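Commentary on secondary and tertiary structure
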Amino acid sequence: MRYEFSNSGDAVVKAVFDTQKVKKGSLRFELQAEKPTLLVGLGDKEAVTSASVREVFFGVPGQLSNYEIKRPVLEGLEEAELVTAAFEGIWAGNYVFTRYKKDELADKRIETLCVPKMDALKEKLNESTILMESADFTRYLVNSRSIDLYPQTLAELAKAELEPFGVEVEVLGKKQAEEAGLKAFLAVSQGSDKEPKVIIAKYNGAGDAPYGALIGKGLTYDSGGYDIKPGEGMFDMFGDMAGAATVLGAVRAAAAAKLEKNVAAVVLACENLIDGSAYKNGDIISSHRGKTIEIDSTDAEGRLTLADALSYTEETMKPSYMVDVATLTGAVVVALGDLAAGAVTNDEGLMKDLLASAEEADELIWQLPAYEAYKEQYKSKYADLKNSGGFAGGAITAGLFLGEFVEDTPWVHLDVAGVTYRHDKAKAPYPMGASGYGVKTLYKLVKNR
Ligand code: BES
Ligand code: MN
Ligand code: ZN
């Protein structure tokens, strides 16, 4: 989709604040008007926010597609911020994943949104277009199935998508990962025939300044390993690289927007499968940091790959901050549902910046209480740590576990297991399947830090 400053379109999409006329949150067509007009009920003008506008406008493409309207004119919004929110809502509502099934509405999707001229709108919509295209890239990666999307192809797609924006993408194979001492990561990967890959995507917009590092969980499939998942829990696990897709999307956005910042995405990509050489419950493995880890569950694999990713990034890149994004626990889904990501940090200042960035992005993050005493839960009798803290407080202990592999760099862990994927229904302002959550928040963080 694109935007255009114009008032000549094939239909009108009109924001209405009068609830007598159109109920808040509902959409109503008026076909007898001069041009077909879709009334969009936003409720009390005083109470309208960019989030509420984005959410209601998400439903617009679904309505317009019935009438093959491809060039609607937006009317009734007077602030650039709200027009941008409407644009983003329509963009996401317009999204379809077409890799495996042809788009039945292909000829009916909105192509151009005509908007009125307003101060600062051009700048906002250009930035927004970059963010939405980047989120589409993230969604494409997450929605792609593991038979097509595995470490090698993830690396190839990252290169193809990011290099044109001047991002330098470096890919290391198994041998180099061994040389780098990524032992925990390699233990997880060893039950799969697919070669594990380390993907480092660097955008240099600020010379010699230190990088901000965005680290994404990159399990291109998580069967659970020998601690195998039941079928229904396994189904969605092609999306267990959503963290990786999110950080790659954010770096794409930073580069496309030419931010004067240095930011890198780091992804340790592999599959968690079962064969004769897979790691097992009870194994004791080592890690990049040198700490030993007892495998309490082969299904708590994400924290092993991330432990190495964090310590490797901290040591080799010396970043000014690190944020990891991971579909890490079912526990965070229990705690926060599909609305908010759960966060754990070692640095309240970075946490504050991230929360402020999320607020700007209209995305939800909830900081979890991470008291020292929780750390008892992942003590091991035979190793420095074990990789599960048990059922109770599982999202918190997983986060604290990761913190054991960060020395002194400000760091936030974001558990996106709930917000990142919705199997069979959209939830405004996110489309069905991969939501694209987080790209915007991370971009804002990079921009604001
Ligand atoms: N990838 C899963 C977490 C997950 C669950 C993501 C549901 C998306 C939706 C992760 O690797 C996992 O299996 N975690 C275990 C940890 C447990 C064994 C300590 C879990 O949450 O059950
Ligand atoms: Mn798992
Ligand atoms: Zn996993």
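Conventions used here
- Residues numbered from 1 in each chain as written.
- Chains lettered and ligands numbered in written order.
- Predicted model: local features only at pLDDT ≥ 70, side-chain atom pairs only at ≥ 80, totals over all residues.
- Heavy atoms only, no water.
- Donors = N, O, S within 2.8 Å, 3.2 Å for Na, K, Ca; no water.
- Tetrahedral: all angles 85-135°; square planar, octahedral: opposite > 155°, others 65-115°.
- Buried < 20%, exposed > 50% of the residue type's maximum accessible area, 1.4 Å probe, protein only.
- Domains from an automatic or database assignment.
- Buried area = accessible area lost by both parts, 1.4 Å probe.
- Salt bridge = Lys/Arg side-chain N within 4 Å of Asp/Glu carboxyl O.
- Polar contact = N/O pair within 3.5 Å; in protein donor to acceptor, adjacent residues only side chain to side chain.
- Helix = DSSP H or I, 4+ residues; strand = E, 2+ residues; numbered from the N terminus.
- Nonpolar A, V, L, I, M, F, W, Y, C, P; charged D, E, K, R; others polar.
- Near = heavy atom within 4 Å.
- Contact = heavy atoms within 4.5 Å.
- Phe/Tyr/Trp six-rings, centres within 6.5 Å; stacked < 30°, edge-to-face > 60°.
- Expected span 1.5 Å × (residues − 1).
- Core = buried A, V, L, I, M, F, W, Y, C linked by side-chain atoms within 4.5 Å.

For the rest of this paragraph, the subject is the coordination of the manganese ion (ligand 2). The coordination sphere of the manganese ion (ligand 2) contains the protein donors Asp222 (OD), Asp299 (O), Asp299 (OD) and Glu301 (OE), at a distance range of 2.1 to 2.2 Å. Here the manganese ion (ligand 2) is ringed by six donor atoms whose angles at the metal span 71 to 167°, and the overall shape comes out irregular. Expressed as a motif, the donor residue spacing for the manganese ion (ligand 2) is D-x76-D-x1-E. Judged by its relative accessible area of 23%, Asp299 is partly exposed.

Many structure descriptions define interface size as the accessible area lost when the parts assemble. Domain annotation for the chain reports domain 1 (2-119) and domain 2 (144-448). Measuring from the centre of the C-alpha atoms in domain 1 to the corresponding centre in domain 2 gives 35 Å. In this assembly, domain 1 packs against domain 2 so that about 970 Å² is buried in total across both faces, 57% of it on carbon and sulfur atoms. The tally of links from domain 1 across to domain 2 stands at three salt bridges. Between Arg99 and Asp148 there is a salt bridge, and its shortest N-O distance comes to 3.9 Å. Here domain 1 is connected to domain 2 by seven residue pairs in polar contact (both at pLDDT 80 or more). Secondary-structure elements contributing two or more residues to the side of domain 1 that touches domain 2 are α1 (50-57) and α3 (80-94). Looking at the side of domain 1 that touches domain 2 element by element, the count peaks at four residues for α1. Of the residues belonging to the side of domain 1 that touches domain 2, the class tally is six nonpolar, one polar and four charged.

What follows deals with the site of ligand 1. Surrounding ligand 1, one finds 15 residues, the nearest of these being Lys229, Asp240, Asp299, Glu301 and Gly330. Here an oxygen atom of ligand 1 and a side-chain polar atom of Lys229 are 2.8 Å apart. Classifying every residue of the shell around ligand 1 gives three nonpolar, five polar and seven charged.

Let's shift gears to the coordination of the zinc ion (ligand 3). Donor atoms from the polypeptide that bind the zinc ion (ligand 3) are Lys217 (NZ), Asp222 (OD), Asp240 (OD) and Glu301 (OE), placed at 2.0 to 2.4 Å. Around the zinc ion (ligand 3) sit six donor atoms; with metal-centred angles ranging over 78 to 173°, the donor geometry is octahedral. Positions of the donor residues of the zinc ion (ligand 3) along the chain correspond to the pattern K-x4-D-x17-D-x60-E. In this structure the manganese ion (ligand 2) is found 3.2 Å away from the zinc ion (ligand 3), and Asp222 serves as a bridging donor for the pair. Of the two residues, Asp222 sits in strand β9 (residues 212-222) while Glu301 sits in the loop between β12 (293-294) and α10 (302-317), which places them 79 residues apart along the sequence.

Attention now goes to the side chain of Arg54. Position of Arg54 among the secondary structure elements: in helix α1. Look at Arg54 and you get buried, because its relative accessible area is 10%. Apart from the residues within four sequence positions on either side, Arg54 is in contact with Ala85, Glu88, Gly89, Ala361, Asp362, Pro429 and Lys440.

As a further point, take the packing of aromatic side chains. According to the stated counting rule, one finds 12 aromatic pairs in the structure shown. Ring geometry for Phe87 and Trp91: centres 5.8 Å apart, planes at 65°, overall edge-to-face. Residue Phe87 and its partner Trp91 are both found in helix α3; the two are separated by four residues, about one turn of the helix. Assessed through its relative accessible area of 0%, Phe87 is described here as buried.

This part takes up α10. Compared with an ideal rise of 1.5 Å per residue, which puts 16 residues at 22 Å, α10 spans 21 Å between its outermost C-alpha atoms and is within 8% of the ideal. Within α10, 14 of the 16 residues are buried, leaving the element largely enclosed by the surrounding structure. At the C-terminal side of α10, Lys318 shows a positive phi close to 45°.

As for its position among the elements, Gly181 is in the loop between α6 (174-179) and α7 (183-189). Residues Gly181 and His288, 107 residues apart in the sequence, show an inter-C-alpha distance of 5.2 Å. Excluding residues within four positions of it along the chain, Gly181 makes contact with Ser287, His288 and Asp308.

In this structure, Leu42, Phe57, Leu77 and Leu214 are the most contacted members of the largest nonpolar core, which totals 91 residues. When residues in this core are grouped by element, the largest group, 11 residues, is from helix α9 (residues 242-256). Counting contributing residues per domain, this core is built from domain 1 (2-119) and domain 2 (144-448), each supplying no fewer than three. Not counting residues within four places of it along the chain, the set of residues in contact with Leu77 comprises Ala15, Phe17, Leu42, Val53, Phe57, Leu82, Val83, Ala86 and Met118.

With that settled, consider the pattern of salt bridges. Across all of its chains, the model carries 31 salt bridges by this definition. Salt-bridge contacts for Arg2 lead to Glu4; the nearest nitrogen and oxygen are separated by 3.1 Å. A relative accessible area of 44% means that Arg2 is categorised as partly exposed. A salt bridge links Glu127 to Lys447; the shortest N-O distance between them is 2.7 Å. Placement of the pair is Glu127 in helix α4 (residues 121-143) and Lys447 in helix α14 (residues 439-448), with a sequence separation of 320 residues.

Let us now look at unusual backbone geometry. With an omega of 5°, the peptide bond between Ala428 and Pro429 qualifies as cis. With respect to the helices, strands and loops of the structure, Pro429 is situated in the loop between β18 (421-422) and β19 (433-434). A positive phi angle is found at Lys258, which is not glycine, with a value near 50°. Mapping Lys258 onto the fold places it in the loop between α9 and β10 (262-272). Of note, the phi angle at Asp362 is positive, near 55°, even though the residue is not glycine. Of note, Asp362 is situated in the loop between α12 (348-361) and β15 (365-367).

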